[in-house]
Amino acid sequence: MNSIKKTENFVFQTYLRQGKAFVKGEGVFLWDEDGKKYTDFLSGIAVCSLGHCHPKITQAISKQASTLIHVSNLFYTEPQAELASKLCEKSFADRVFFANSGAEANEAAIKLARRYFQKKGENSRFKIITMEQSFHGRTMATLSATGQDKIKDGFYPLLKGFSHVPFNDIKALEKQIDATVCAVMLEPLQGEGGIIAADPEYLKAVRQLCDKTGTLLIFDEIQCGMGRCGTLFAHEMYNITPDIMTLAKALGNGLPIGAMLATGDAATGFDYGSHATTFGGTPLATAAALEVVNIISEPSFLEQVCARGQYFKEQLEKLKNKHARAVGIRGKGLLLGLELSLEADRNAAFFVEQLFKKGFIINGIQDKILRFAPPLIIENQEIDRLISALDSLL
Ligand SMILES: Cc1ncc(COP(=O)(O)O)c(C=O)c1O
């Protein structure tokens, strides 16, 4: 039995997979078991941002794997300490809690926001407002936070205390915020919701509203952070900072790690024993992530992401001007979306499948958006190859 058959037989059938098993990755390329080469414009859903098997990350992992892999958070380790101090040095934050995934980083943020007020005796201040179309994860709390009904199906009742307002609509948020709200949580650029960036004026107004009402502001940068938009953290584009931020995905370039960063004030919500996880911040994962942060935070690296993103966007614009099927371009940096006019036989899934046959990996969201999240090291010539394939398909 080959790996596709075995997966079909023995793994829960919760993922609709494309019919190939991959065996090797290098840079922006992947190879399937028949030896066919693919150019990866998805990076394992915005994870392998430095490309597959980046030599420095592989070296950091190998070195750490042969030195110390895990001791638990009952003890100190150097890679965890170094990564935490580096993340604080590069951001607004004063403290970091390490988790294993995006959902867990968001769970930590949700728990911190609630406990921050409950510690002060404000027990009725537990509500969290999030955005319609947002995506925050699949655990019960993060599912409750997520603003998309389709993924909640069958899981009711959800956790109470969550409500959703339209994204980029400050009036809607103003109407909902009151003394029972502990936090507003949003993605500065919505990923799963359709590659929709926050308007600068909106985000500024959200920050002001949170300041005025003493509400904590949480940015979920799990997909849009870590250089993806051309700045180390997406909120840097807006010149405002949150009280709490979550990271995962690209932080480990493929090793599972999540992080919840907070200001010193917000961080007071947790005390000894308030929150914990066995695997959070293992020496192995943090050694890899430290190398990732070192590389991605280099100004010249980020400048290159902006330049490649700009180039990619311009090529997509040309497609849009040429083809009636392509109706909109979205996104920032190297997190881009092409909106298609919806026709029964030509939805996003059709293009994803056709491009896959031609050796390109992308994915579709919301039926009509093609998402492009290539490794940040993508070259213009690879972008040209994808654009030309897309051109003929459109
Ligand atoms: C913005 C955002 N938040 C949270 C998550 C959940 O992360 P994970 O799948 O690692 O739990 C995702 C995953 O796609 C995401 O895009």
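Bear in mind that the values here come from a model prediction, so they are computed numbers and not experimental data.

A. Spatial organisation of the pairing of strand 7 (residues 181-186). Among the six residues of strand 7, six are classified as buried, and the element is accordingly described as predominantly covered. Taken together, the three bridges between strand 5 (residues 127-131) and strand 7 define a ladder with parallel strand orientation. Pairing of Lys127 across the sheet is with Val181, part of strand 7. As judged from the four bridges shared by strand 7 and strand 10 (residues 216-220), these two strands associate in the parallel manner. Its bridge partner lying in strand 10, Leu186 is registered against Phe219.

B. Inspection of the domain arrangement of the protein chain at higher detail. By domain assignment, the protein chain separates into domain 1 (56-296) and domain 2 (299-393). For domain 1 and domain 2, the distance between their C-alpha centres works out to 27 Å. Counting from both sides, the interface comprises 17 residues of domain 1 and, opposite them, 19 residues of domain 2. The residue makeup of the side of domain 1 that touches domain 2, split by class, is ten nonpolar, five polar and two charged.

C. Just the site of the ligand, in detail. Near the ligand you find 14 residues, and of these Ser101, Gly102, Ala103, Ile222 and Gln223 are the closest. Considering each element in turn, the shell around the ligand owes the most residues, three residues, to helix 5 (residues 102-118). Across the shell around the ligand, the residue classes break down as four nonpolar, seven polar and three charged.

D. Inspection of the sheet that holds strand 14 (residues 335-340) at higher detail. Strand order in the open sheet formed by four strands is 13-14-17-16, and the pairing between neighbours is antiparallel. The two strands at the open ends of the sheet, each matched to only one other strand, are strand 13 (326-332) and strand 16 (363-365). In this sheet, adjacent strand axes meet at a mean angle of 30° when their direction is disregarded. Taken together, the four bridges between strand 14 and strand 17 (residues 369-372) define a ladder with antiparallel strand orientation. Each bridged residue has a counterpart across the sheet, and for Glu339 the counterpart in strand 17 is Ile369. Contacting strand 13, strand 14 and strand 17, helix 11 (residues 299-322) runs over the sheet at an angle of about 170° to strand 13. Across the sheet, helix 12 (residues 348-357) is in contact with strand 14, strand 16 and strand 17; its angle to strand 16 comes to roughly 175°.

E. View of the packing of helix 11 against helix 13 (residues 380-393). Remark: helix 11 packs on helix 13, axes separated minimally by 10 Å, with the N-to-C direction vectors making an angle of 15°. Between helix 11 and helix 13, the crossing angle belongs to the class labelled roughly parallel. When you trace helix 11 past helix 13, the crossing you get is right-handed. The residues of helix 13 that touch helix 11, namely those facing Arg308, Tyr311, Phe312, Gln315 and Leu319, are Asn380, Ile383, Ile387, Leu390 and Asp391. Of the residues belonging to the contact of helix 11 with helix 13, the class tally is six nonpolar, two polar and two charged.

F. Region of interest: the nonpolar core. Counting 110 residues, the largest nonpolar core has Ala113, Ile244, Ala259 and Met260 as the members making the most contacts within it. No other element matches the nine residues that helix 10 (residues 283-296) contributes to this core. Two domains each provide a minimum of three residues to this core, namely domain 1 (56-296) and domain 2 (299-393).

G. Geometry of the packing of helix 4 (residues 78-89) against helix 10. Here helix 4 crosses helix 10 at 35°, and the two axes come no closer than 8 Å. Viewed along their axes, helix 4 and helix 10 form a crossing whose handedness is left-handed. Together, Pro79, Gln80, Glu82, Leu83, Lys86 and Leu87 of helix 4 and Pro283, Thr286, Ala287, Ala289, Leu290 and Val293 of helix 10 make up the contact between the two elements.

Criteria and cut-off values
Residues numbered from 1 in each chain as written. Predicted model: local features only at pLDDT ≥ 70, side-chain atom pairs only at ≥ 80, totals over all residues. Buried ≥ 20, exposed ≤ 12 C-beta atoms within 10 Å, placed from the backbone. Helix = DSSP H or I, 4+ residues; strand = E, 2+ residues; numbered from the N terminus. Pairing = 2+ DSSP bridges. Domains from an automatic or database assignment. Contact = placed C-beta atoms within 7 Å. Nonpolar A, V, L, I, M, F, W, Y, C, P; charged D, E, K, R; others polar. Near = placed C-beta within 6 Å. Axes fitted to C-alpha atoms, helices over the stretch in contact; angles between N-to-C directions. Parallel < 35°, antiparallel > 145°, perpendicular 65-115°, else oblique. Left-handed = near helix turned anticlockwise from the far one by under 90°. Core = buried A, V, L, I, M, F, W, Y, C linked by C-beta atoms within 7 Å.

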